[in-house]
Amino acid sequence: MAGDSIELQAVPHVRLVIPGGDWLLRAEFTSQGNDLLLSGANGKHVLIRDYFSLDFPPELMSQGGAVITPQMAVKLAGSIVPGQYGLLENGPFAQLAQVTSPPAGKVELADGLVEAVRADGNRYILSQGDNIYEGDIIETDVGAAVGIIFSDGTTFSMGDEGRMILDQMVYDPDTNEGLFNISLVQGVFSFISGEIAKSAPDAMTLITPVATIGIRGTKVAGRAAQEGEQNTISLLPEFDTDGNIIVGELIISNDAGTVTLNVIGATVQMSSSFVAPPPPVTLSTQQIQQQFGAALNVLPPSTLPIQNGVEEAVEDSKEEAENNEDAPGEEVEENPENPENPENPDSAETTPEPEKLPDNKPLDFNFEDIFAKNAEAFRPIDFDSFSFDINSFTLAPVEFSKRLTDVLQNNPSVQEVVGVVGINQIFGTSGDDVIVGTGIQDFIYGLAGDDTLLGLLSDDFFSGGPGDDTLNGGDGTDSADYTDDTAGVTVDLAAGTASGTDIGSDTLISIEIIRAGSGDDTLTASSSAGSISGNNGDDLIIGNAGNDTFDGGAGTDTLSYVNDTQGVTVSLQAGTASGTGIGSDTNQSFENLTGGSGDDNLSGN
């Protein structure tokens, strides 16, 4: 071979180090008879002699310790000629030569160029509604992303320049049992496991170049990285239909060791399959979004189970989609003479893209646009009983919020305006988002930008993130969370304001609970019942009227009733406070105490 090329000899059971740095995970794999050719965009070529003639071909390893298994290499190389399976008829890979099985899943969202390389070697462009099959290699181009829902309810997404192999997907819907194995070669990814992961401890496995991940029913985000970069795996929370947090478990292992993740936000970073996974660290919500936002923002909502009150609308949406599903992809140049793609198990007809909403600014978008384009989902609703304003709103019947939830969850064009919506857990974007909650408990994360977050019904949780945000809890007992803040915040529930170096200036409406971070905070209660937690730092918490609960947390904290004029009786040791002007409060973890201008009875610890 000429140019920047080398030849290596394959030896059974012996790892083969591929020289040249960071290009192995991005290389094109091509079969040349019994030889394997690796080609890089930088002009590098490595020819591995006799790779496919061996019963046990070697693992391919980068100089930094990332590993491509023989199974990965064979699937990435595809067949000798598109439509043929001659390559796969040797030794342990004979089972890969079987004809494509029934669909394993369906594309929910394809943003940019997303392609599937089938087991027969043909390459197809994927669009929304296209089928995914066992053995498919899914690839995303620069700036592209894909979201997939699998037959067992698992949802999966992958960001740009990603490469994933669906190694095995066997599912019995009658028993909810099966096997699900994915190889993630490169890219940012996320998924929410479905029924298969619940059926047995080893039923779902994800293989990356540096570790194997056993899935125990949970939500995961990660990055399979280039040479010299950290491969990252994080455990995320999932929520049941009652809004309760579900925390699963990840077992991460390689040749050097094993680590278990079972705490929300627990994260490991590693760059080699020959170095044991390190002890996990915990990432904040903002850090997770920064790391994995490209995949989380296109992750389809979990379909297991769908919340009460929305089932009918969702089923109608699914039936309509299934009527147009005969379009798993347009075949590209490998087979241009056959426009109907007979090699593709599905029709070449493509599902039309959903109609886009007008390009409105988030704070100015018109709900009538959403109503008009989703009339069926909202019938029957008396829209005259509904009005919307940024700072105050009245509600139509509960049915409205339930059906609005369904529209937001199942309409990508609406999501572009109001953020990315999942069941009970709603993430915004880096822009200025308007996010509307549901009729049940929501966990709403605005992230960056000047966001407007509306909780509507039930007891909702808000994390606005950086930017000047409006948090409107609506009905229920609602929380504003600033636990990621380290610089200190000033919150006044009576005035409805919150400010700080890291958070900007927020407006708080119908918020009853405040959770602060590790800085030195000043937190003032409202005249209604509520709860304030200072967390770490030296905090000042100021009480007002209403029966409140105050927790100073760690640090040297001060409880103050400076605004009271009628006299208070406070005991830090007993954890009680009472008075005509303050009601009956409880307190804990305070070191200092100050009263107001009345005749006070104050006692410390």
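Numbering of residues starts from 1 in every chain and runs along the sequence as written. Given that this is a predicted model, residues contribute local features only at a pLDDT of at least 70 and side-chain atom pairs are listed and counted only at 80 or more, while totals for whole chains, interfaces and linings are drawn from all residues. Heavy atoms from the whole structure form the basis of all side-chain values; hydrogens and water molecules are not counted.

If DSSP finds at least two bridges between two strands, the strands pair. A helix here means a DSSP run of H or I that spans at least four residues, while a strand means a run of E at least two residues long, and both kinds are numbered starting from the N terminus. Strand order in this open sheet of 3 strands is β2-β6-β7, and the pairing throughout is mixed. The open sheet terminates on both sides in strands that have one partner only, identified here as β2 (16-17) and β7 (67-68). Here β2 pairs with strand β6 (residues 60-61) via 2 bridges, running parallel. Paired with L16 across the strands is L60, a residue of β6.

What follows covers the pattern of salt bridges. The term salt bridge refers to a side-chain nitrogen of Lys or Arg lying within 4 Å of a carboxyl oxygen of Asp or Glu. Counting across every chain of the model gives 10 salt bridges. Residue R49 is joined to D35 by a salt bridge in which the shortest nitrogen-to-oxygen separation is 2.7 Å. You can see R49 sitting in strand β5 (residues 45-49) and its partner D35 sitting in strand β4 (residues 35-39), a full 14 residues away along the chain. Judged by relative accessible area, R49 falls into the partly exposed class, the value being 31%. Remark: exposure states derive from per-residue accessible area (1.4 Å probe, protein chains only) relative to the maximum for the residue type, with buried under 20%, exposed over 50%, and partly exposed in between.

Because an α-helix completes one turn every 3.6 residues, residues spaced three or four positions apart along the sequence face the same direction. For helix α1 (residues 70-77), the buried fraction is high: 7 of the 8 residues fall into the buried class. For α1, every residue scored as buried is listed here: P70, M72, A73, V74, K75, L76 and A77. Downstream of α1 by one or two residues, G78 has phi in the positive range, about 70 degrees.

One key point about sheets: their strands pair by backbone hydrogen bonds, in either a parallel or an antiparallel sense. Taken together, 4 strands build an open sheet; the order of strands is β1-β5-β4-β3 and the sheet is mixed. Edge positions in the sheet fall to β1 (5-9) and β3 (28-32), since each of these pairs with one other strand and no more. Mean inter-strand twist for the sheet, computed between neighbouring axes without regard to direction, equals 20 degrees. Direction of pairing for β1 relative to β5: parallel, over a ladder of 5 bridges. Opposite S5, over in β5, you have H45 as the bridge partner. Contact between two residues is taken to exist if any of their heavy atoms lie within 4.5 Å; hydrogens are not considered. Only C-alpha atoms enter the line fits that serve as axes; for helices the fit covers just the stretch in contact. Angles between N-to-C directions range over 0 to 180 degrees. Lying on the sheet, α1 is in contact with β3 and β4; it crosses β3 at an angle near 80 degrees.

What follows covers the packing of aromatic side chains. Between 30 and 60 degrees the pair is tilted, below 30 it is stacked and above 60 it is edge-to-face, where a pair is any two Phe, Tyr or Trp rings, Trp via its six-membered ring, whose centres lie within 6.5 Å. Summed over all chains, the structure comprises 4 aromatic pairs. The interplanar angle of 35 degrees and the centroid separation of 5.6 Å between the aromatic rings of F443 and F461 together place this pair among those described as tilted. Remark: F461 occurs in strand β33 (residues 461-463) and F443 occurs in strand β31 (residues 443-445); sequence separation between them is 18 residues. When sorted by exposure, F443 lands in the same class as F461, which is buried. Three or more aromatic residues joined by ring pairs form one cluster here, namely F443, Y445 and F461.

This brings us to unusual backbone geometry. The backbone of L447 shows a phi angle near 60 degrees, a positive value even though the residue is not glycine. Looking at the secondary structure, you find L447 in the loop between β31 and β32 (452-454). Even without being glycine, N535 reaches a positive phi, approximately 65 degrees. Tracing the chain through its elements places N535 in the loop between β41 (531-533) and β42 (540-542).

Moving on to the pairing of strand β18 (residues 212-215). Here 3 bridges tie strand β17 (residues 204-207) to β18, and the two strands are oriented antiparallel to one another. Counted as the bridge partner of I207 is T212 from β18. Between the end of β17 and the start of β18, which pair antiparallel, lie 4 residues. Two strands pair when backbone bridges link them, and β18 and strand β23 (residues 250-254) are joined in this way by 4 bridges, in the antiparallel orientation. Residue pairing across strands places I215 opposite L250, the latter belonging to β23.

Here we come to the nonpolar core. Among the buried residues, those of types Ala, Val, Leu, Ile, Met, Phe, Trp, Tyr and Cys that are joined through side-chain atoms within 4.5 Å form a nonpolar core. Membership of the largest hydrophobic core comes to 43 residues, with the highest contact counts inside it found for F156 and I252. For this core, the element with the highest residue contribution is strand β16 (residues 177-192), accounting for 5 residues. Those residues in contact with F156 that sit more than four places away from it in its chain are V146, G147, I148, F150, M164, I182, L184, F189, S190, F191, L299 and P300. Counting residues in hydrophobic clusters, the runner-up holds 31 residues, among them F462, I514, I532 and F550.

Right, let's talk about the environment of P102 for a bit. Within the secondary structure, P102 sits in the loop between α1 and β8 (105-111). In sequence terms P102 and M169 are 67 residues apart; their C-alpha atoms lie 9.9 Å from each other.

Further remarks concern a nonpolar patch on the surface. Here a patch means residues that are over 30% exposed by relative accessible area and free of salt bridges, tied together within 9 Å if like-charged and within 5 Å if nonpolar (Val, Leu, Ile, Met, Phe, Trp, Tyr). Throughout, the Shrake-Rupley method with a 1.4 Å probe supplies accessible areas, and for residues the shown protein chains are the sole cover considered. A contiguous nonpolar surface patch, about 220 Å² in accessible area, is contributed by I245, V247 and I264. Looking at the element boundaries, I264 is found in the loop between β24 (257-261) and β25 (266-270). Since its relative accessible area comes to 34%, I264 is described here as partly exposed.

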